[in-house]
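Analysis of the macromolecular model
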Amino acid sequence: MVTKVKLTIRERIMLLGLLPSKGSLDIIKAKRVLLEKLNFSDKDAKKIGLQKNVTQDGNIQYNWSTKEEFNTTLEFTPEEINVFDKGFELISQAEQFNDEIFSLYEKLKKEE
């Protein structure tokens, strides 16, 4: 069963941040597919004025300049949702859940 989710720019970026740097072969395969789905095309990046910067501590920071809505509906397989679940689990274990992350979590679960 495929899950369809309507995502904002910020939500897509937040999901990119949930992707693991390491994992099983299946997790890394799913991650590669998710990167293709979540990343912005050059055309879309230009349209919304998206800039990707690396901070001094090595973190990636995204900025965009559009004020208009730029929502995208993406489809995720159960395996791909599982990758996100692992990211949510890590955030929960570190006690770093906040309202914004929880709203995204609910959105992925409601759409299932």
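My aim in this report is to walk through the structure given alongside it, one point at a time.

About the criteria used
- Residues numbered from 1 in each chain as written.
- Predicted model: local features only at pLDDT ≥ 70, side-chain atom pairs only at ≥ 80, totals over all residues.
- Heavy atoms only, no water.
- Helix = DSSP H or I, 4+ residues; strand = E, 2+ residues; numbered from the N terminus.
- Rg over C-alpha atoms; globule rule 2.2 N^0.38 Å.
- Buried < 20%, exposed > 50% of the residue type's maximum accessible area, 1.4 Å probe, protein only.
- Areas by Shrake-Rupley, 256 points an atom, 1.4 Å probe, with all protein chains shown as cover.
- Lys, Arg positive; Asp, Glu negative; His and termini not counted.
- Charge placed at Lys NZ, Arg CZ, Asp CG, Glu CD.
- Phe/Tyr/Trp six-rings, centres within 6.5 Å; stacked < 30°, edge-to-face > 60°.
- Core = buried A, V, L, I, M, F, W, Y, C linked by side-chain atoms within 4.5 Å.
- Contact = heavy atoms within 4.5 Å.
- Salt bridge = Lys/Arg side-chain N within 4 Å of Asp/Glu carboxyl O.

**Brief notes about the overall build of the chain**
Of regular secondary structure, the chain possesses 5 helices and 4 strands. Beginning at the N terminus, the succession of helices and strands in the chain can be written as β-α-α-α-β-β-β-α-α. Relative to its length of 112 residues, the chain is compact, with a C-alpha radius of gyration of 14 Å against a globular reference of 13 Å. For the chain, the C-alpha atoms occupy an extent of roughly 35 × 35 × 30 Å along the three principal directions. In the chain, buried positions account for 33% of the 112 residues. Summed over its atoms, the accessible surface of the chain is roughly 7,800 Å², and 47% of this surface lies on carbon and sulfur atoms. Side-chain charges of the chain comprise 18 positive and 19 negative groups, with the mean position of each set lying 5 Å from the other.

**Things to note about the packing of aromatic side chains**
Centre distance and the angle of the planes are the two values used to describe a pair of aromatic rings. Following the criterion strictly, the structure yields 6 aromatic pairs and no others. Aromatic pair Phe97 and Tyr105: ring centres 6.1 Å apart, planes at 85 degrees, arrangement edge-to-face. Residue classification places Phe97 among the partly exposed positions, given a relative accessible area of 31%. The class of Tyr105 is partly exposed, set by a relative accessible area of 29%. Their ring planes at 25 degrees and their centres at 6.1 Å tell us that Phe102 and Tyr105 sit as a pair that is stacked.

**Things to note about the environment of Asn98**
Mapping Asn98 onto the fold places it in the loop between α4 (78-93) and α5 (99-110). When the C-alpha atoms of Asn98 and Leu34 are compared, they prove to be 23 Å apart, with 64 residues separating the residues in sequence.

**Remarks on unusual backbone geometry**
Despite not being glycine, Glu95 shows a phi value in the positive range, around 55 degrees. If you trace the backbone, Glu95 turns up in the loop between α4 and α5.

**Focus: the nonpolar core**
Leu7, Leu15, Leu38, Phe76, Phe84 and Leu108 are the most contacted members of the largest nonpolar core, which totals 21 residues. Of all the secondary structure elements, the ones that give two or more residues to this core are β1 (3-7), α1 (9-18), α2 (25-38), β4 (72-76), α4 and α5. Considering every element that reaches this core, the biggest residue donor is α4, with 5 residues. Not counting the four nearest positions on each side in its chain, Phe76 is found in contact with Met1, Val2, Thr3, Val5, Leu7, Leu15, Leu34, Lys37, Leu38, Ile81, Phe84 and Leu108.

**Structural notes on the pattern of salt bridges**
Within this structure, the stated rule accounts for 5 salt bridges. Here Lys4 ties to Glu75 by a salt bridge, and the two come within 3.6 Å at their closest N and O atoms. Here the residue Lys4 occupies a position in strand β1, and Glu75 occupies one in strand β4, the gap between them amounting to 71 residues. A relative accessible area of 39% means that Glu75 is categorised as partly exposed. A salt bridge links Glu11 to Lys107; its shortest N-O distance comes to 2.7 Å. In this pair, Glu11 sits in helix α1 while Lys107 sits in helix α5, placing the two residues 96 residues apart along the sequence. On the basis of relative accessibility, which here comes to 15%, the residue Glu11 falls in the buried class. A relative accessible area of 22% means that Lys107 is categorised as partly exposed.

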